[in-house]
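Now for the letters of each chain:
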Amino acid sequence: RDLHSFPTRRSSDLSGAASARPPGPAAPGGAPPGDPRSDPLMAEAQQAMERGDLDAAAAAFGKVLAATPSHPVATMGLAQVELIRRVNSYDRSAVSQAAQQQPGDVDAQAKMADIDIATGRVDAAFSRMLDLVRTTAGDDRNQARLHLISLFEIFPPRDPRVNKARAALSSLLF
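Residues numbered from 1 in each chain as written. Predicted model: local features only at pLDDT ≥ 70, side-chain atom pairs only at ≥ 80, totals over all residues. Heavy atoms only, no water.

Draft legend 1. Expanded view of the confidence of the model for the protein chain. Summary statistics for the protein chain give a mean pLDDT of 84 and a share of 79% for residues scoring 70 or more. Averaged pLDDT values for the elements of the protein chain fall to 35 in helix α1 (residues 11-18) and rise to 98 in helix α6 (residues 106-118). Low confidence marks residues 1-30, where pLDDT is under 50. Its contacts with residues over four positions away, or in another chain, come to 60 contacts. (pLDDT = per-residue confidence, 0-100. Helix = DSSP H or I, 4+ residues; strand = E, 2+ residues; numbered from the N terminus. Contact = heavy atoms within 4.5 Å.)

Now the structure itself:
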C-alpha cells in the first residue's frame, strides 16, 4: 500500500507545530514565524505533500533548510518525506517477518520501526529502537541510536512521546 495517505501535516497542523517554537515577531501578514502561510517555500512544500509529490516536497523543504538550517517545520516535513519514501519501498510482510525472526537485527528492526511510525504506532517504534540501543553494542548500537534520533525529527520538538523516548535514550547512553 502506498503511503501517500500517511498522515502528513496540513498547513494548519504545520502552523501549530511552528508555534511550539519560542515566540518571535510576527511574519508579514500577521502569521507567526515559520507558519507555512507566511513562507512561499513552506506553502509549496505543503501543497506538494498534500498532492503526494514527494520529490517536489523534498526539494521545497530542502530550499527552506538551505536558507534556515534549523527550521523545525521544514526539518519535520523533510523527515516525513524520507519516511514515506522508505516505507513505500518496503515489502511490509517481509519486513514484519524479518523483525519477528531477528529481534537483534538493526536493519530489520529499523524498517519495522518505520512502518510502526507510518501506521501510527509511535510508542511501539520508539520502544523497538530503545530496546536495540539497550541490547546491542558498537556499530549496531550506534546505528540503532541514529535511526531513533532520525525518527524524532518527524515530530514537533516538544512532542511528549519524543521527550519520553529522548529521556529513555539519554539514560541508556549515560
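Draft legend 2. The arrangement of the nonpolar core in detail. By size, the foremost hydrophobic cluster in this structure holds 29 residues, and its most contacted members are Ile 117, Phe 126 and Met 129. For this core, the elements supplying multiple residues, two or more each, are α4 (72-89), α5 (92-101), α6, α7 (122-135), α8 (138-152) and α9 (160-173). In terms of nonpolar packing, the next biggest core, distinct from the first, is built from 15 residues, Met 42, Leu 54, Leu 65 and Ile 84 among them. (Core = buried A, V, L, I, M, F, W, Y, C linked by side-chain atoms within 4.5 Å. Buried < 20%, exposed > 50% of the residue type's maximum accessible area, 1.4 Å probe, protein only.)

Draft legend 3. Spotlight on the packing of helix α2 (residues 40-50) against helix α3 (residues 54-67). Running from N to C, α2 and α3 point in directions that differ by 160°, and their axes come no closer than 8 Å. One element, α2, and the other, α3, form an angle in the roughly antiparallel class. Between α2 and α3 lies a crossing of left-handed hand. From α2, Leu 41, Met 42, Glu 44, Ala 45, Ala 48 and Met 49 reach across to α3, where they touch Leu 54, Ala 56, Ala 57, Ala 60, Phe 61, Lys 63 and Val 64. (Axes fitted to C-alpha atoms, helices over the stretch in contact; angles between N-to-C directions. Parallel < 35°, antiparallel > 145°, perpendicular 65-115°, else oblique. Left-handed = near helix turned anticlockwise from the far one by under 90°.)

Draft legend 4. The pattern of salt bridges, seen in detail. All told, the structure shown has seven salt bridges when counted by the stated rule. Between Asp 55 and Arg 85 there is a salt bridge, and its shortest N-O distance comes to 2.6 Å. Placement of the pair is Asp 55 in helix α3 and Arg 85 in helix α4, with a sequence separation of 30 residues. Arg 85 gets classed as partly exposed once you look at its relative accessible area, which sits at 37%. For the salt bridge of Arg 161 with Asp 159, the shortest nitrogen-to-oxygen distance reads 2.8 Å. (Salt bridge = Lys/Arg side-chain N within 4 Å of Asp/Glu carboxyl O.)

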